[in-house]
Structures are given as structure tokens and as C-alpha cells.
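Read off the chains here:
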Amino acid sequence: MKKNVLFAIGLMLSATTLAQNEVETTISGDFVSSYIWRGQDLGSVSLQPTFGVGYKGLSLSAWGSVGLADPADTKELDLTLGYTIGGLNIGVTDYWFNAGLDPNCRYFKYDAHSTNHLFEANIGYDFGMASLQWFTNFAGNDGINKDGNRAYSSYMEVVVPFKLSAIEWTATAGAVPFATDFYGTKGFAVTNLSLRATKDIKVTDSFSIPVFGQLTANPCSQKAYLVLGFTLHP
């Protein structure tokens, strides 16, 4: 009897190990009524696809945004390399926008003073009940501070997930610690107070669509936004 139990446990552990060692792939797309990022308005109705791969805590992902209603809306392509171990996560993101220092919007132009790329490093920890994140721009088309120097623009936030009435919620509070025109701040400022609710809408027995609503306020800019969106994924 013991041998059978141990054999069954061994199979379960082996299956768990194999699952952890498998390459994970992410393919999805969000449709949003407006593109709100860290309390900033970056565009109206947008399509935002995601493609990523992960293995043993290491991940590489691509994320983009393109306006569907206004041709002048932000077009964006971000590449992120990240690593997670336990609750700790670190990463580097290469943001590219269709507006910046290069009037020709060339993706492969990386010159320090004439690029539309922005490079950001992040570190954070997920405590379960809440997660903390810190982000800092370290190269590329960053903002400037009150003295006209590179600001090394930074942003920090705390995210608290919870469940209420069978709906998944997240509450976010984000702030900019230093002066930078990248976030439009003159010093420490709270720029993002958000509440987001997500509900899976069942279409068939094997397919559902997550629908979400988000209310965001930016006390620094005195702006508020209400966003509705949904996610498509295999």
C-alpha cells in the first residue's frame, strides 16, 4: 500500500515539475474605450495585442497599442524582458512610440538624443494581499526635471486585488516621487487612483470573454477617466 501511495505521489510531483518546466505562451488582445496609462490619457478607442513566452520564471513579451477611432492617437510597441522568483519580479522594458525625438518615427533608430525609444527598469514584490512596484526610466526619450536635466522619471504603485460579488477587483494607488515633465509633475505627486472590476462573460461551455471596467482619477492633473474593455484570448 505504501509503495502505491509513494508511486502516486511521485507521479504527481513529476507532473508538477514537468508543468513548471514547460514553455508558456501568451496570445491575447484587449479592446478598450480609451487608453489610460498610469493616470495619463494616451488615446481613445484602441486595440492592444499581447504576445509572450515564458520559461522557469523568465519571460519575454511584446505589447502594442493602436488607435481605432483617431489617427492621431498614440501608436506603441513595447518589449519587456522579466524574471520572477517567488514574490520578487524584476524587468526591463523598451517602449517605442510614434512620437518623440525622431520626426520620421524610425523604430531602429536608437541614438541617445534622437530616438523615440524609452527604456525603463522595474522591481517589485507580490505579498499576496498586495503588490508593490517601482519603475525608473534610465535611457532614451525620458523627461526633464525642474533644472532641465534628465529626470530619470520614476513611478511607484501599490496594487491590492480582492473579490466582491463574484467579480475580481483591483485597487491601485500610484505616485511619481520626483519632478518630471514626463508625468507632468513638479515634485512628489499622486497621479493614479484606480479601481478595476473584471467579470468573465460565458459565451459557450468552453469560451468566455473577460469584460472589465475601470475608474481612474489623477489628482495631480485634476482629471478622471472611465474605461470599458474586453479581452480576447485562445
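Everything below is about the structure printed above this text.
For clarity, every value in this text was computed on a predicted model and none was experimentally measured.

This part covers the sheet that holds strand β7 (residues 88-97). Spatially, β1-β4-β5-β6-β7-β8-β9-β10-β11-β12-β13-β14 is the arrangement adopted by the 12 strands of the closed barrel, whose pairing is antiparallel. On average, each strand axis in the sheet is inclined to that of its neighbour by 20 degrees, with strand direction left out of account.

Another point: the side chain of N192. Looking at the element boundaries, N192 is found in strand β12 (residues 189-204). On the basis of relative accessible area, N192 is assigned to the buried category, the value being 6%. A distance of 2.5 Å separates a polar atom in the side chain of N192 from a polar atom in the side chain of S194. When sequence neighbours within four positions are dropped, the list of residues in contact with N192 reads R38, G39, Y155, E157, T172, A173, G174, T216, A217 and P219.

Now for the pattern of salt bridges. Tallied over the full model, the rule gives six salt bridges. Ionic pairing is found between E120 and R38, a salt bridge with its closest N-O pair at 2.9 Å. Of the two residues, E120 sits in strand β8 (residues 117-126) while R38 sits in the loop between β2 (35-37) and β3 (40-43), which places them 82 residues apart along the sequence. Both residues of the pair, E120 and R38, count as buried.

Side chains on a regular strand alternate between the two faces of the sheet. Judged from the nine bridges that link them, β7 and β8 form a sheet pairing that is antiparallel. Its bridge partner lying in β8, D94 is registered against F119. As paired strands, β8 and strand β9 (residues 131-140) are joined by nine bridges and run antiparallel to one another. Bridge pairing in β9 places D126 opposite S131. If you look at the hairpin formed by β8 and β9, you'll find four residues sitting between the two strands, and G128 has a positive phi there, around 95 degrees.

Turning our eyes to something else, we now look at the nonpolar core. One broad rule of soluble globular proteins: the nonpolar side chains tend to lie buried together. Counting 10 residues, the largest nonpolar core consists of Y35, W37, Y95, F97, L118, F135, Y155, V176, F182 and Y183. Those elements that place two or more of their residues in this core are β2 and β7. V32, I36, F212 and Y225 belong to the second largest nonpolar core, which has five residues in total.

Attention now goes to the packing of aromatic side chains. Counted according to the given criterion, the structure contains 14 aromatic pairs. Pairing W37 with F182 gives two aromatic rings, centres 6.5 Å apart and planes at 90 degrees, and the pair type is edge-to-face. Of this pair, W37 sits in strand β2 while F182 sits in the loop between β11 (167-176) and β12, and the two are 145 residues apart along the sequence. Like F182, W37 is buried.

Before going further, it helps to examine the environment of A224. For A224, the position within the fold is in strand β14 (residues 223-232). In this structure A224 comes out as exposed when scored by relative accessible area, which is 59%. Sequence separation between A224 and L193 is 31 residues; the distance between their C-alpha atoms is 9.3 Å. Apart from residues no more than four positions distant in its own chain, A224 is found in contact with T216 and A217.

Moving on, we get to unusual backbone geometry. One non-glycine residue, K56, lies in positive phi territory at about 50 degrees. Along the chain, K56 turns up in the loop between β4 (46-55) and β5 (58-67). Unusually for a residue other than glycine, Y152 sits at a positive phi of about 45 degrees. One can find Y152 in the loop between β9 and β10 (154-164).

Each value, and the rule that gives it
Residues numbered from 1 in each chain as written. Predicted model: local features only at pLDDT ≥ 70, side-chain atom pairs only at ≥ 80, totals over all residues. Heavy atoms only, no water. Pairing = 2+ DSSP bridges. Helix = DSSP H or I, 4+ residues; strand = E, 2+ residues; numbered from the N terminus. Axes fitted to C-alpha atoms, helices over the stretch in contact; angles between N-to-C directions. Buried < 20%, exposed > 50% of the residue type's maximum accessible area, 1.4 Å probe, protein only. Polar contact = N/O pair within 3.5 Å; in protein donor to acceptor, adjacent residues only side chain to side chain. Contact = heavy atoms within 4.5 Å. Salt bridge = Lys/Arg side-chain N within 4 Å of Asp/Glu carboxyl O. Core = buried A, V, L, I, M, F, W, Y, C linked by side-chain atoms within 4.5 Å. Phe/Tyr/Trp six-rings, centres within 6.5 Å; stacked < 30°, edge-to-face > 60°.

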